[in-house]
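An overview of the molecular structure
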Amino acid sequence: MEAASFSGVLSNTKLSGSNHLLNSDCKFSRSIPRSRYIACVSRHSSEGSNDVDKPSSKALVLSISDLNNTNNYSILKGSNLRKNVNLQTNCAVGVCTFGENVFESSRAHATEEKLGVLLLNLGGPETLNDVQPFLYNLFADPDIIRLPRLFKFLQRPLATLISVLRAPKSKEGYASIGGGSPLRKITDEQADAIRMALEAKNVHANVYVGMRYWYPFTEEAIEQIKRDRITKLVVLPLYPQFSISTTGSSIRVIQNIFRGDAYLSRLPVSVILSWYQRQGYIRSMADLIEKELGTFAKPEEVMIFFSAHGVPVSYVEDAGDPYKDQMEECIHLIMQELKARGIGNDHTLAYQSRVGPVQWLKPYTDEVLVELGQKGVKSLLAVPISFVSEHIETLEEIDMEYKELALESGIENWGRVPALNCTSSFITDLADAVVEALPSAKALSSTSGDTAEESEYDPFRYLVKLFFGSILAFVLLLTPKVLLAFRNHLV
Ligand SMILES: C=CC1=C(C)c2cc3[nH]c(cc4nc(cc5[nH]c(cc1n2)c(C)c5CCC(=O)O)C(CCC(=O)O)=C4C)c(C)c3C=C
Ligand SMILES: [Fe+2]
């Protein structure tokens with residue numbers, strides 16, 4: 001097989017403003033400078049191929065640009081990003097390295113290499129008391145509530161308002177699955193399993209877990225990485241598909257921390273941006289689906305129902321989030337794999353878990369379930385596809401809410417594919433992804449120089465914007481339509 005190498009640049013520019021994690025007892029309630037980043041991944045290989053594991057000769061350039069500043073990814077739309085998403089189909093793993101083109105790559109190490117793997121995940125409340133502060137952290141993330149620049153100052157008050165309004169409904173959900181999220185436990189188990197799978201390949205690594213919105217926070221994991229004097233790091237988000245709201249948000253946090261730290265900015269790092277196209281993952285998903293189909297009396301009549309976590313349409317259409325394209329590609333690859341095994345069931349994709357009064361990716365899971373029931377579909381297998389661990393949206397939303405809705409709508413036989421969790425073929429594949437990412441690890445910038453945005457910072461302009469922004473926000477928030485929308489969609 002032709003060897004492929006990945007190279008890229010992940011450069012950032014500091015902006016005025018700050019991010020806060022403000023849950024009451026969070027150790028990291030400190031200002032973290034915001035940054036925007038441009039991540040480019042290019043791939044070089046001398047031979048093209050359609051095989052998932054054999055990269056084509058075209059360079060892959062995946063750019064993620066200007067998250068905070070323009071609040072959109074529009075400069076990528078229709079050009080690089082669309083092209084790249086298609087190219088990524090043939091790519092074994094999308095790897096991004098920090099700073100390669102800009103800064104000198106890491107020199108050979110005189111000291112012994114100490115490998116670290118940082119698993120990124122969302123995090124979830126462990127008790128019902130954690131729910132509101134967890135939601136606060138989530139809604140305070142500018143990659144989750146994407147406010148226009150003029151309204152950025154409303155991020156935290158809005159996060160407080162929405163988290164307080166949403167908390168009772170969320171608490172009910174977490175109460176019904178045992179009083180908290182299983183995410184931390186499962187992710188710890190996955191970390192352990194990946195460490196052992198690497199050991200089996202004679203690769204010795206410390207594996208860390210960094211959550212975006214709850215303990216152990218990404219900041220804590222990075223502190224530990226520093227204490228352990230890791231000399232090379234692979235960052236592996238536990239989201240198969242890239243979204244601004246998941247992998248994008250976590251990478252931004254890492255970048256902000258790394259660029260301000262002398263040790264970290266010199267640490268060679270590879271970031272695996274997405275891995276939904278890896279054969280090991282596709283085959284593991286197909287295995288689970290095949291096994292679960294076997295539990296139905298008439299497996300060939302079962303509708304395979306992929307239910308993906310939704311994102312607001314504006315992420316995809318205005319900000320260029322590749323999530324929808326990657327999701328469709330991912331499902332195509334799984335269905336291809338099933339077909340190769342002689343399984344030709346009908347399938348469909350819908351999006352679940354919408355929050356708030358904006359348009360989310362369609363079709364919506366609840367609406368499609370009703371339609372399928374009305375059309376006479378009798379057997380349905382739900383496949384959660386955005387996430388690789390059991391969590392509230394599989395255990396409560398799919399297993400309870402959607403199941404009930406499906407049965408009410410005329411579907412008689414219901415099944416659900418379990419999350420991959422620690423499935424060994426899947427864990428082995430993630431370990432392979434880590435090993436493949438190692439050669440492209442490069443150090444992030446050690447230069448921090450002021451950026452255009454910083455030098456453009458003008459306190460007078462800021463105050464004027466704040467003044468008019470506040471008036472506009474006040475008027476908007478009091479609009480009966482907005483108030484009603486909040487009430488209907490959050491509680
Ligand atoms: C409001 C915007 C949200 C976006 C955008 C979003 C994207 C997104 N989320 C996941 C995965 C998970 N989300 C989880 C919980 C969760 N997500 C949101 C909101 C958005 N998610 C909320 C408010 C919550 C809390 C639960 C609730 O109140 O409904 C979780 C569960 C964690 C757990 O506790 O078990 C996961 C996992 C993806 C993959 C994604 C975009 C692609
Ligand atoms: Fe979510």
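Conventions adopted
Residues numbered from 1 in each chain as written. Chains lettered and ligands numbered in written order. Predicted model: local features only at pLDDT ≥ 70, side-chain atom pairs only at ≥ 80, totals over all residues. Heavy atoms only, no water. Helix = DSSP H or I, 4+ residues; strand = E, 2+ residues; numbered from the N terminus. Buried < 20%, exposed > 50% of the residue type's maximum accessible area, 1.4 Å probe, protein only. Contact = heavy atoms within 4.5 Å. Areas by Shrake-Rupley, 256 points an atom, 1.4 Å probe, with all protein chains shown as cover. Near = heavy atom within 4 Å. Polar contact = N/O pair within 3.5 Å; in protein donor to acceptor, adjacent residues only side chain to side chain. Nonpolar A, V, L, I, M, F, W, Y, C, P; charged D, E, K, R; others polar. Domains from an automatic or database assignment. Salt bridge = Lys/Arg side-chain N within 4 Å of Asp/Glu carboxyl O. Phe/Tyr/Trp six-rings, centres within 6.5 Å; stacked < 30°, edge-to-face > 60°. Lys NZ or Arg CZ within 6 Å of the ring centre and 35° of its normal. Core = buried A, V, L, I, M, F, W, Y, C linked by side-chain atoms within 4.5 Å. Axes fitted to C-alpha atoms, helices over the stretch in contact; angles between N-to-C directions. Parallel < 35°, antiparallel > 145°, perpendicular 65-115°, else oblique. Left-handed = near helix turned anticlockwise from the far one by under 90°. Arc of directions from axis to C-beta. Buried area = accessible area lost by both parts, 1.4 Å probe.

1. Regarding the overall build of the chain
For the chain, the helix and strand inventory stands at 16 helices and 12 strands. Counting every position in the chain, which comprises 491 residues, the buried fraction comes to 58%. Taking the intrachain contacts of the chain between residues at least 6 apart in sequence as the baseline, contacts between residues at least 24 apart amount to 81%. For the chain, the exposed area adds up to about 20500 Å²; of that, 54% sits on carbon and sulfur atoms.

2. Topic: the site of ligand 1
The environment of ligand 1 is formed by 29 residues, the closest being R166, S170, Y174, S181 and H309. Within the side chain of Y174, one N or O atom sits 2.4 Å away from an oxygen atom of ligand 1. At the level of elements, α2 (131-139), α3 (155-176), α6 (244-259) and α12 (392-408) are the ones that each hand at least two residues to the shell around ligand 1. By residue number, the principal contributor to the shell around ligand 1 is α2, which donates four residues. Looking at the shell around ligand 1, its residues break down into 17 nonpolar, 10 polar and two charged. A domain split of the shell around ligand 1 shows at least three residues from each of domain 1 (115-276 + 426-445 + 461-474) and domain 2 (279-420).

3. A closer look at the environment of F134
Structurally, F134 can be placed in helix α2. Put simply, F134 and S163 are 29 residues apart on the chain and 8.3 Å apart in space, counted from C-alpha to C-alpha. Sequence-distant contacts of F134, that is, excluding residues within four places in its chain, are made with L122, G123, G124, P125, Y174, Y213 and W214.

4. What to know about the pattern of salt bridges
The final tally for this structure, using the stated rule, is 18 salt bridges. Among the salt bridges present, the one from D261 reaches K226, with a minimum N-O distance of 2.4 Å. Of this pair, D261 sits in the loop between α6 and α7 (262-265) while K226 sits in helix α5 (residues 218-227), placing them 35 residues apart in sequence. Given the relative accessible area of 14%, D261 is considered buried. The exposure class assigned to K226 is partly exposed, which follows from its relative accessible area of 23%. The shortest N-O distance in the salt bridge between D366 and R354 comes to 3.3 Å. In this pair, D366 is assigned in helix α11 (residues 365-375) and R354 in the loop between β9 (347-352) and α11, connecting sequence segments 12 residues apart. D366 gets classed as partly exposed once you look at its relative accessible area, which sits at 24%.

5. Things to note about the packing of aromatic side chains
The final tally for this structure, using the stated rule, is seven aromatic pairs. A centroid spacing of 4.9 Å and a plane angle of 65° characterise the contact between Y215 and F217, whose relative ring orientation is edge-to-face. With respect to class, Y215 is no different from F217; both count as buried. With a centroid separation of 5.8 Å and 40° between ring planes, the pair formed by W275 and F426 is classed as tilted. Separated by 151 residues along the polypeptide, W275 in the loop between β7 (268-274) and α8 (279-293) and F426 in helix α13 (residues 424-437) bring together distant segments of the chain. As far as burial versus exposure is concerned, W275 and F426 are alike and both buried. Lying across the ring of Y315, R146 places its NZ or CZ 5.5 Å from the centre. Over the aromatic face of Y364 sits the side chain of R354, whose NZ or CZ is 3.7 Å from the ring centroid.

6. Focus: the nonpolar core
Membership of the largest hydrophobic core comes to 63 residues, with the highest contact counts inside it found for Y281, I289, F306, I334 and I385. Ranked by the residues each element gives to this core, the list is headed by helix α10 (residues 323-340), at eight residues. Taken together, domain 1 (115-276 + 426-445 + 461-474) and domain 2 (279-420) each give at least three residues to this core, which thus spans both. Residues in contact with F306, not counting those within four places in the same chain, are I289, I331, I334, M335, H347, T348, L349, A350, V383 and I385.

7. Concerning the packing of α2 against α3
In contact at an axis separation of 7 Å, α2 and α3 are set at 135° when each is read in the N-to-C sense. Regarding the angle of α2 to α3, the classification is oblique. In this structure, α2 crosses over α3, and the sense of that crossing is right-handed. Where α2 abuts α3, its residues V131, Q132, F134, L135, Y136 and F139 lie against Q155, R156, A159, T160, I162, S163, V164, R166, A167, S170, K171 and Y174. Across the contact of α2 with α3, the residue classes tally to 10 nonpolar, five polar and three charged.

8. Here we look at α11
Residues three or four positions apart in an α-helix share a direction because the helix packs 3.6 residues into each turn. Within the sequence span of α11, burial applies to T365, V368, L369, L372 and G373. End-on, the buried residues of α11 take up no more than an arc of 135°, which puts them together on one face. Residues of α11 that are exposed and angled more than 90 degrees away from the buried face: Q374 and K375. Buried residues in α11 make contact with β8 (303-309), β9, β10 (379-384), α12 and β11 (413-416). Phi for G376, located one or two positions after α11, is positive at around 100°.

9. Notes on the side chain of R212
Among the structural elements, R212 can be located in the loop between β5 (205-211) and α5. Within polar-contact distance, the side chain of R212 engages the side chain of S249 at 2.7 Å.

10. Some details on the domain arrangement of the chain
Splitting the chain by domain gives domain 1 (115-276 + 426-445 + 461-474) and domain 2 (279-420). Contacts between domain 1 and domain 2 engage 29 residues on the former and 28 residues on the latter. Carbon and sulfur atoms make up 67% of the surface buried where domain 1 meets domain 2, a total of about 2400 Å² over both sides. Contact with domain 2 buries area across many residues of domain 1, yet Q241, Y276 and F426 alone supply 28% of it, more than any other trio. Where domain 1 meets domain 2, there are zero salt bridges. For the pair domain 1 and domain 2, the number of links is nine residue pairs in polar contact (both at pLDDT 80 or more). Every element with two or more residues in the side of domain 1 that touches domain 2 is listed here: α3, α4 (183-200), α6 and α13.

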